[in-house]
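# An overview of the molecular structure
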Amino acid sequence: MDEKVSCTVSDAVDYKGFFANRTKTGGWVPAALILGIEICERLSTMGIAVNLVTYLIGTMHLPSSTSANIVTDFMGTSFLLCLLGGFLADSFLGRYKTIAIFAAIQTLGTATLAISTKLPQLRPPPCHATANNNCKQANGLQMGILYLALYIIALGTGGLKSSVSGFGTDQFDEKDEKEKVQMAFFFNRFFFFVSFGTLLAVTVLVYLQDEVGRSWAYGICSVSMLIAILVFLSGTRRYRYKKSLGSPIVHIFQVVVAATKKRKMDLPHNVGSLYEGTPEASRIQYTYQFHFLDKAAIVAEGDFRKNTSGSVPKPWKLCSVTRIEEVKMMVRLLPIWATTIIFWTTYAQMITFSVEQASTMKRSIGGFQIPAGSLTVFFVMAILITLAVYDRLIMPLWKMWTGKPGFTNLQRIAIGLVLSTLGMGVASICEKKRLSVAKSVSGIAATLPISVFLLIPQFFFVGSGEAFIYTGQLDFFITQSPKGMKTMSTGLFLTTLSLGFFISSFLVSIVKKITGSKDGQGWLADNINNGRLDLFYGLLAILSLINFLSFLVVVCYKPKKPKSVLQMGNLGNGSLADEKC
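Residues numbered from 1 in each chain as written. Predicted model: local features only at pLDDT ≥ 70, side-chain atom pairs only at ≥ 80, totals over all residues. Heavy atoms only, no water.

In the nomenclature of an unreviewed UniProt entry, the protein is known as Protein NRT1/ PTR FAMILY 6.2 of Quillaja saponaria. Looking at the Sequence similarities (unreviewed entry) heading of the UniProt record, one finds this comment for the protein: "Belongs to the major facilitator superfamily. Proton-dependent oligopeptide transporter (POT/PTR) (TC 2.A.17) family." (UniProt positions renumbered as here; feature names shortened; annotations may be inferred.)

Let's shift gears to the environment of Ala525. For Ala525, the position within the fold is in the loop between α16 (486-515) and α17 (533-556). Given the relative accessible area of 2%, Ala525 is considered buried. For the pair Ala525 and Val257, spaced 268 residues apart in the sequence, the C-alpha separation amounts to 48 Å. (Helix = DSSP H or I, 4+ residues; strand = E, 2+ residues; numbered from the N terminus. Buried < 20%, exposed > 50% of the residue type's maximum accessible area, 1.4 Å probe, protein only.)

Even without glycine at this site, His61 takes up a positive phi of about 60°. One can find His61 in the loop between α2 (28-58) and α3 (64-118). On the basis of relative accessible area, His61 is assigned to the buried category, the value being 10%.

Helix length check: α3 (55 residues) gives 23 Å between terminal C-alpha atoms against 81 Å at 1.5 Å per residue, more than 12% under. Taken as a whole, α3 carries its principal kink of about 120° at Leu93. (Expected span 1.5 Å × (residues − 1). Bend = angle between axes of the 7 residues up to and from the residue.)

Running from amino to carboxyl end, helix α14 (residues 409-441) crosses α17 at an angle of 165°, the nearest separation of the two axes being 8 Å. Our classification of the angle between α14 and α17 gives roughly antiparallel. Read as a crossing pair, α14 and α17 show a hand that is left-handed. In terms of residue class, the contact of α14 with α17 is made up of 16 nonpolar, six polar and three charged. (Axes fitted to C-alpha atoms, helices over the stretch in contact; angles between N-to-C directions. Parallel < 35°, antiparallel > 145°, perpendicular 65-115°, else oblique. Left-handed = near helix turned anticlockwise from the far one by under 90°. Nonpolar A, V, L, I, M, F, W, Y, C, P; charged D, E, K, R; others polar.)

Time to look at the environment of Gly500. Along the chain, the position of Gly500 falls in helix α16. In sequence terms Gly500 and Tyr347 are 153 residues apart; their C-alpha atoms lie 8.2 Å from each other.

Once that is clear, we can look at the packing of helix α11 (residues 341-350) against helix α15 (residues 456-479). The description of two packed helices rests on the angle between their axes and on the distance between the axes. At a closest axis distance of 10 Å, the pairing of α11 and α15 adopts a crossing angle of 140°. Classified by the angle between their axes, α11 and α15 sit oblique to one another. Regarding α11 and α15, the two cross each other, and that crossing is left-handed. Note on element contacts: α15 touches α11 through Gln458, Phe459, Val462, Gly465, Glu466, Ile469, Tyr470 and Gln473, opposite Phe343, Trp344, Tyr347 and Met350. Taken together, the residues of the contact of α11 with α15 break down into eight nonpolar, three polar and one charged. (Contact = heavy atoms within 4.5 Å.)

What follows deals with the pairing of strand β1 (residues 8-13). Of the pairings in the sheet, the one linking β1 to strand β2 (residues 19-21) comprises three bridges and is antiparallel in character. By the bridge assignment for β2, Val13 is matched with Phe19. In sequence, β1 turns back onto β2 through a hairpin of five residues, with Gly17 there showing a positive phi of about 95°. (Pairing = 2+ DSSP bridges.)

Summed over the entire model, instances satisfying the criterion amount to 29 aromatic pairs. Ring plane angle 85° and centroid distance 5.6 Å describe the contact between Phe476 and Phe477, whose orientation is recorded as edge-to-face. Comparing Phe476 with Phe477, the two get one shared label, buried. Members of the aromatic cluster, connected to one another through ring pairs, are Phe79, Phe343, Trp344, Tyr347, Phe379, Tyr470, Phe476, Phe477, Phe493 and Phe501. (Phe/Tyr/Trp six-rings, centres within 6.5 Å; stacked < 30°, edge-to-face > 60°.)

Further remarks concern the pattern of salt bridges. What the rule picks out here adds up to nine salt bridges. Between Arg532 and Asp534 there is a salt bridge, and its shortest N-O distance comes to 2.8 Å. Using a relative accessible area of 3% as the deciding quantity, one classes Asp534 as buried. Members of the salt-bridge network, linked through shared partners, are Asp294, Glu325 and Lys328. (Salt bridge = Lys/Arg side-chain N within 4 Å of Asp/Glu carboxyl O.)

Put into structure tokens, the structure is as follows:
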């Protein structure tokens with residue numbers, strides 16, 4: 001009997017619904033089948049994003065600022081929809097079905113995009129670069145089909161990103177020491193595959209778009225995802241499936257609704273009078289912040305209903321102290337969440353305006369012409385180099401000096417914010433140099449006599465910043481969130497990316513409106529050579545500096561305990577937790 005128990009995983013089932021057999025399910029092989037989906041998702045999403053601005057300007061004949069906003073809105077929506085994907089996976093579909101369904105949706109989106117870039121009827125007639133003022137912009141139908149394709153892809157991306165990493169970790173048992181070690185290696189490999197997919201996107205796929213044809217490149221994305229789905233489905237019998245405990249979003253709303261209903265009630269002086277139905281081993285210590293939420297645990301008439309096992313609380317009227325504390329933990333993440341959004345606004349410039357800058361500069365190495373979108377390979381290389389240097393050089397030296405294994409998550413975030421600020425400052429200086437060359441040739445040359453490698457410093461600074469801030473954010477949001485809300489906290493982290501892209505679109509629109517003119521001039525002119533992109537980058541550098549100072553204030557702030565706490569009783573083993581911002 002003991003042998004049978006040891007061969008099963010207590011918190012996972014197989015595809016038939018029986019307890020998963022450790023020897024026949026889970027492990028590296030099923031996890032590898034899942035990672036194939038992630039490679040294709042990165043290939044499609046990043047391959048489209050990094051080179052889409054050149055298509056919108058050169059083929060669809062849209063203004064520079066409009067093209068940049070379309071790209072950032074597309075990326076922002078992709079990450080925002082991760083919340084929808086996570087909600088559906090946690091509440092209804094489960095991770096397996098969510099991955100299969102949304103992978104199929106993304107396949108449909110890339111196929112639609114391939115068709116829209118292939119058919120001449122779905123793009124305006126071509127025109128010469130010297131006659132930009134007479135170029136006919138894409139009409140409503142043409143843009144409508146393009147938007148349809150992009151947002152089908154965004155929907156697929158959102159569903160996939162919310163579940164792929166989670167379903168991969170489901171294949172390992174945290175209670176088994178051997179599999180726990182394998183799970184740690186899975187995270188490393190997951191990040192590697194993300195980077196590898198991005199590298200393929202900004203090199204091979206961008207080259208195919210420019211030299212062979214966009215329809216062929218997007219068709220390859222569609223076919224590769226279809227193959228990845230078939231490979232994913234082939235592992236159905238070998239996967240481990242974990243039952244959902246319900247959506248954390250619903251749990252948060254239950255606490256808020258219950259507290260709102262009891263907003264006129266007074267809190268008891270002894271917190272031991274508050275409802276706590278959580279087993280003692282799983283309880284979270286009471287904290288004195290956000291007293292309004294504590295009212296959700298006040299026991300009132302009509303808060304319980306009877307069932308076969310006795311009386312149980314109505315979740316929208318009465319919540320346990322532990323559940324309230326879980327919500328408080330999520331609320332405490334918000335200041336850090338808010339001060340990391342601006343980084344992703346600067347990141348958005350690397351796949352929009354920086355690519356547009358590259359398209360105007362000399363990109364030849366011998367007889368080979370580097371595609372403008374492929375310049376983001378320096379961005380990816382900066383990430384990989386920074387991670388390697390940090391792992392092999394900085395961490396050992398830091399451990400020798402301080403005795404600590406590495407920078408804390410907040411320190412990594414701070415370094416990322418500093419690097420991105422420097423990146424925007426350098427980008428402003430480089431753009432000023434590029435504009436001076438553009439004015440000296442007075443629009444005679446389609447390609448400016450200045451090397452595209454001038455842009456490498458800005459890619460390097462922001463890319464290195466991402467290496468620190470991405471890992472720091474992910475670590476912070478996972479370790480500082482309650483156990484039952486890890487997926488929710490990961491989704492919260494991804495919303496910083498989403499809002500960063502949306503804020504980029506908002507800033508572009510505001511700057512365009514304030515500094516623009518009827519003839520398409522201003523900081524963000526229709527023709528980048530006639531604008532002042534250097535001033536826009538300078539504005540982002542200033543905003544990034546202000547944001548970094550705000551981050552320091554948030555990190556250093558420690559709330560004072562109110563005197564009323566002395567009158568309050570304790571829960572569990574009882575000491576009030578010392579709070580840190």
